[in-house]
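# Structure assessment
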Protein chains: 2
Amino acid sequence: MNFLSTFLLVCLISTTLCVPIIELPEESVDNSIDDDVQLLRCSGWRVAGEANNLSPWNKIPESCVDYVQDYMLSRSYEIDLDIVCDEAMEFAKSVVVGDDGLDVWVFDVDETLLSNLPYYGQHGYGSELFDNIQFDKWVLEGVAQAIKPSLKLYKEVQQLGFKIFLLTGRTENKREITINNLIMAGFENWDRLILRGEEDHGKTAVAFKSEKRKAIMDEGFRIIGNSGDQWSDLIGSHVSMRSFKLSNPMYFIS
Amino acid sequence: MNFLSTFLLVCLISTTLCVPIIELPEESVDNSIDDDVQLLRCSGWRVAGEANNLSPWNKIPESCVDYVQDYMLSRSYEIDLDIVCDEAMEFAKSVVVGDDGLDVWVFDVDETLLSNLPYYGQHGYGSELFDNIQFDKWVLEGVAQAIKPSLKLYKEVQQLGFKIFLLTGRTENKREITINNLIMAGFENWDRLILRGEEDHGKTAVAFKSEKRKAIMDEGFRIIGNSGDQWSDLIGSHVSMRSFKLSNPMYFIS
């Protein structure tokens with residue numbers, strides 16, 4: 001009598017003993033279906049964020065922590081950035097840039113030109129509440145690397161004759177480190193770097209960025225393109241002719 | 001001497017003979033990497049569409065035909081619709097609906113309330129150029145089924161006291177069949193069904209829908225929510241307080 005026969009005999013004698021053992025494979029199958037559905041739900045959540053369908057949120061869903069980590073370290077994230085920057089490039093090339101120097105491309109900084117992935121990797125990829133003291137420490141290190149497809153786009157639109165305005169929620173006291181970091185990462189000769197001043201304290205990103213775009217337009221500039229990883233970089237008033245939303249499932253800024 | 005040894009011996013004698021045989025596995029690996037990257041590129045293209053990053057397009061990329069078909073028939077599409085409609089529902093519930101009957105939820109019709117998937121399934125899931133004569137024939141059959149998460153949302157916002165306005169690019173000559181189809185699919189007691197009239201001929205969807213939303217707002221209504229599968233349902237002027245973009249990688253309407 002081999003092991004299986006012995007086991008089945010024991011089962012006949014005591015169903016109580018066997019039930020948990022027999023159910024294991026079924027549970028295992030169910031779990032794998034659940035896992036697949038959970039993966040699709042996390043993917044759906046991420047895409048809903050990219051499409052501006054989500055209400056404000058302050059950390060990623062608990063059930064999507066692994067998904068977001070995997071995504072951020074994957075070829076998928078790189079490809080998604082490539083595609084959006086390629087689309088922006090195609091659009092930029094289709095524009096006849098005026099010779100009056102008034103055509104502008106606006107870039108956000110964090111998660112648009114510079115990647116804070118090393119910081120977020122140390123802080124749960126968006127699964128922890130935002131800690132501005134810790135994040136400021138990271139920013140002051142000034143070691144963020146370029147988001148490569150954005151660097152390529154940056155150079156291309158510069159080449160095409162667009163003025164480059166950087167519009168960031170970083171505060172004025174980080175101007176110097178931001179300049180140094182951007183230059184270290186390969187960004188050069190932008191035309192303006194606009195940061196949050198004292199007077200912008202407490203404003204939402206949508207309000208702050210809309211006001212700054214209005215001021216830019218009031219000077220006579222035409223904002224042709226705008227690249228940002230947050231919808232709050234792109235919406236509100238005085239929006240760009242075309243906007244390009246770069247992928248970012250790690251955090252949300254209103 | 002077994003087969004492998006004989007084979008290796010022959011290889012030593014004639015490398016020319018063996019090279020194609022030896023390379024096969026490598027080619028196979030390369031293809032599979034290419035396939036994975038292609039899948040990610042198609043996924044990235046779809047998400048870029050959902051995030052309104054794409055220039056106008058008239059058919060899906062050739063390389064993504066299988067991807068779009070698989071997606072449209074998958075649990076992923078269902079889950080994506082669920083998530084967006086759930087978000088809309090949460091938002092609707094958070095609104096204090098006025099007792100003046102002026103709070104409105106706007107729904108688009110095709111690929112928002114009604115699914116034309118059987119038609120698109122017969123026409124390459126968006127890989128063929130749009131054929132308005134064939135599509136009209138399908139519409140006139142009046143057999144499109146409800147997009148279930150939208151039907152659930154529709155009933156919920158109705159229950160909450162919102163006025164329901166349907167705003168569609170379908171033309172006035174399809175009013176009767178549209179009404180019959182909507183009722184057959186379970187949609188009841190909407191407050192208005194706005195279709196394209198003679199005077200709207202030649203307008204982009206963005207222009208047509210913006211004008212209609214303006215007219216609605218000019219009457220004193222507040223457009224609180226707006227559900228659509230096209231960005232042209234949602235952007236332009238007189239936009240809703242919150243908009244909800246339902247997944248649709250099959251076609252693009254300006």
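Residues numbered from 1 in each chain as written. Chains lettered and ligands numbered in written order. Predicted model: local features only at pLDDT ≥ 70, side-chain atom pairs only at ≥ 80, totals over all residues. Heavy atoms only, no water.

By the naming in an unreviewed UniProt entry, chain A is Acid phosphatase, taken from Helianthus annuus. The heading Sequence similarities (unreviewed entry) in the UniProt record of chain A holds the text "Belongs to the APS1/VSP family." (UniProt positions renumbered as here; feature names shortened; annotations may be inferred.)

## With respect to the sheet that holds strand β4 (residues 163-171) of chain B
All names here are of chain B. Taken in spatial order, the 5 strands of this open sheet run β5-β4-β1-β6-β7, and their pairing is parallel. Each of the sheet's edge strands pairs with one partner strand only, and the pair in question is β5 (192-196) and β7 (242-245). Going from strand to strand, the sheet's axes swing by 20° on average, the running direction of each strand aside. Taken together, the 4 bridges between strand β6 (residues 222-228) and β7 define a ladder with parallel strand orientation. Across the sheet, residue Gly228 finds its bridge partner in β7, namely Lys245. Packing against the sheet, helix α9 (residues 205-218) makes contact with β4, β5 and β6, and its axis sits at approximately 150° to β4. (Pairing = 2+ DSSP bridges. Helix = DSSP H or I, 4+ residues; strand = E, 2+ residues; numbered from the N terminus. Axes fitted to C-alpha atoms, helices over the stretch in contact; angles between N-to-C directions. Contact = heavy atoms within 4.5 Å.)

## Structural notes on unusual backbone geometry
The backbone of Tyr125 of chain A shows a phi angle near 55°, a positive value even though the residue is not glycine. Among the secondary structure elements, Tyr125 of chain A is positioned in the loop between α5 (117-122) and α6 (132-141).

## What about the packing of aromatic side chains?
All names here are of chain A. All chains considered together, the criterion is met by 33 aromatic pairs over all chains. Considering the side-chain rings of Trp57 and Phe252, the 6.2 Å spacing of their centres and the 40° angle between planes classify their relative orientation as tilted. Taken together, the residues Trp57 in the loop between α2 (15-50) and α3 (65-72) and Phe252 in the segment after β7 (242-245) connect sequence positions 195 residues apart. Seen in terms of ring centroids, Phe130 and Phe135 are 5.4 Å apart; in terms of plane orientation they differ by 55°. Their pairing is tilted. (Phe/Tyr/Trp six-rings, centres within 6.5 Å; stacked < 30°, edge-to-face > 60°.)

## A look at the interface of chain A and chain B
Listed by partner, the interface residues are 27 residues for chain A and 27 residues for chain B. When chain A packs against chain B, the two sides together hide about 2300 Å² of surface, and 57% of this comes from carbon and sulfur. Where chain A packs against chain B, one counts 0 salt bridges. At the boundary of chain A with chain B, the tally comes to 8 residue pairs in polar contact (both at pLDDT 80 or more). With 9 residues, α2 of chain A is the single largest residue contributor to the side of chain A that touches chain B. Split into classes, the residues belonging to the side of chain A that touches chain B amount to 12 nonpolar, 6 polar and 9 charged. (Buried area = accessible area lost by both parts, 1.4 Å probe. Salt bridge = Lys/Arg side-chain N within 4 Å of Asp/Glu carboxyl O. Polar contact = N/O pair within 3.5 Å; in protein donor to acceptor, adjacent residues only side chain to side chain. Nonpolar A, V, L, I, M, F, W, Y, C, P; charged D, E, K, R; others polar.)

## Details of the confidence of the model for chain A
Residue-level pLDDT values for chain A average 91, and 88% of them are 70 or greater. Note that pLDDT drops below 50 for residues 3-27 of chain A; the model gives that stretch 6 contacts with residues more than four away or on any other chain. (pLDDT = per-residue confidence, 0-100.)

## Topic: the packing of helix α4 (residues 75-94) of chain B against helix α7 (residues 148-159) of chain B
Residue and element names in this part refer to chain B. Running from N to C, α4 and α7 point in directions that differ by 10°, and their axes come no closer than 9 Å. Classified by the interaxial angle, the pair formed by α4 and α7 is roughly parallel. On α7, the residues that touch Leu81, Asp82, Cys85, Asp86, Ala88, Met89, Ala92 and Lys93 of α4 are Pro149, Ser150, Lys152, Leu153, Glu156 and Val157. Looking at the contact of α4 with α7, its residues break down into 8 nonpolar, 1 polar and 5 charged. (Parallel < 35°, antiparallel > 145°, perpendicular 65-115°, else oblique.)

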